[in-house]
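Read off the chains here:
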Amino acid sequence: YIEETEPMGTGGALVIHKDRILDHADCVLILHADVCSSFPLLDLLRFHVEHNADCTIMTTTVDPNSSHNFGCLVPDNQTNELIHYTERPLTYVNNYINCGIYAFSPNMFARLVTAKNESRNTHVNADV
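First, a word on what this report is: a plain description of the structure on this page. (Residues numbered from 1 in each chain as written. Predicted model: local features only at pLDDT ≥ 70, side-chain atom pairs only at ≥ 80, totals over all residues. Heavy atoms only, no water.)

### Overview of unusual backbone geometry
- The backbone of asparagine 80 sits at a positive phi, close to 65 degrees, despite the residue not being glycine.
- With a phi close to 45 degrees, arginine 88 is a non-glycine residue in the positive phi region.

Have a look at this one:
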């Protein structure tokens, strides 16, 4: 359990605590504290491991008219890889939304560090 003392976005908090996290795990589940439900976490982990993924995002579908209230994802229909993500879009993107639950492999932490360093150079928030 890791608590942020100031909001840094999911990626920022993970970068700061990456050494502590990676000392204890080959795969990490990230769940937002405001998420309370009976999600199929074992299915998420199984999918993550079977696809040798760096990051697996749990998604669900919602009514297209309410999708603008969530982070929307556009997957490749053949590979399930993420093509596009946008947080609370102003126009319709897709009705696949981010559940706020992720499985990360150690390689993902290196990607987060790179994104954080690049965001410092461009003054863009590197939230995952």
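### What to know about the layout of surface pockets
- Put simply, the largest pocket is a space of about 1100 Å³.
- In this structure, the largest pocket is lined by 31 residues; those nearest its centre are Cys55, Thr56, Ile57, Asn80 and Leu82.
- Breaking the lining of the largest pocket down by element, the ones donating at least two residues are helix H3 (41-50), strand S2 (55-61), strand S3 (71-75), strand S4 (82-87), strand S5 (96-104) and helix H4 (106-122).
- Of the residues that constitute the lining of the largest pocket, the class distribution is 18 nonpolar, 7 polar and 6 charged. (1 Å grid on protein atoms, 1.4 Å probe; cavity = no way out; pocket = protein on both sides within 12 Å on 5 of 7 lines; lining within 4 Å. Points joined across faces, edges and corners; volume = space filled by probe spheres on them. Helix = DSSP H or I, 4+ residues; strand = E, 2+ residues; numbered from the N terminus. Nonpolar A, V, L, I, M, F, W, Y, C, P; charged D, E, K, R; others polar.)

### Description of the environment of leucine 22
- Inspection of the secondary structure puts leucine 22 in helix H2 (residues 18-22).
- The exposure class of leucine 22 is partly exposed, given its relative accessible area of 30%.
- Taking the C-alpha atoms as reference points, leucine 22 and serine 105, separated by 83 residues in sequence, lie 9.1 Å from one another.
- In contact with leucine 22, not counting residues within four places along its chain, are Pro106 and Phe109. (Buried < 20%, exposed > 50% of the residue type's maximum accessible area, 1.4 Å probe, protein only. Contact = heavy atoms within 4.5 Å.)

### Looking at the packing of aromatic side chains
- Evaluation of the coordinates by the stated rule reveals 1 aromatic pair.
- Their ring planes at 55 degrees and their centres at 6.0 Å tell us that tyrosine 102 and phenylalanine 104 sit as a pair that is tilted. For the pair tyrosine 102 and phenylalanine 104, a shared accessibility class is recorded, and that class is buried. (Phe/Tyr/Trp six-rings, centres within 6.5 Å; stacked < 30°, edge-to-face > 60°.)

### Digging into the side chain of asparagine 94
- With respect to the helices and strands, the residue asparagine 94 is situated in the loop between S4 and S5.
- Exposure remark for asparagine 94: the relative accessible area of 13% places this residue in the buried category.
- A distance of 3.3 Å separates the side chain of asparagine 94 from the backbone oxygen of leucine 73, its partner in a polar contact.
- Here tyrosine 96 takes part through its backbone nitrogen, which lies 3.4 Å from a polar atom of the side chain of asparagine 94.
- Setting aside anything within four residues of it in sequence, one finds asparagine 94 in contact with Ser67, Cys72, Leu73, Val74 and Pro75. (Polar contact = N/O pair within 3.5 Å; in protein donor to acceptor, adjacent residues only side chain to side chain.)

### Quick notes on the nonpolar core
- With 10 residues, the main nonpolar core is built from Leu14, Val15, Ile21, Val28, Ile30, Tyr102, Phe104, Met108, Phe109 and Leu112.
- The set of elements that each furnish at least two residues to this core consists of helix H1 (9-16), strand S1 (28-31), S5 and H4.
- In terms of residue count, the dominant contributor to this core is H4 (3 residues).
- Counting 5 residues, the second largest nonpolar core, distinct from the first, contains Met58, Cys99, Ile101 and Ala103. (Core = buried A, V, L, I, M, F, W, Y, C linked by side-chain atoms within 4.5 Å.)

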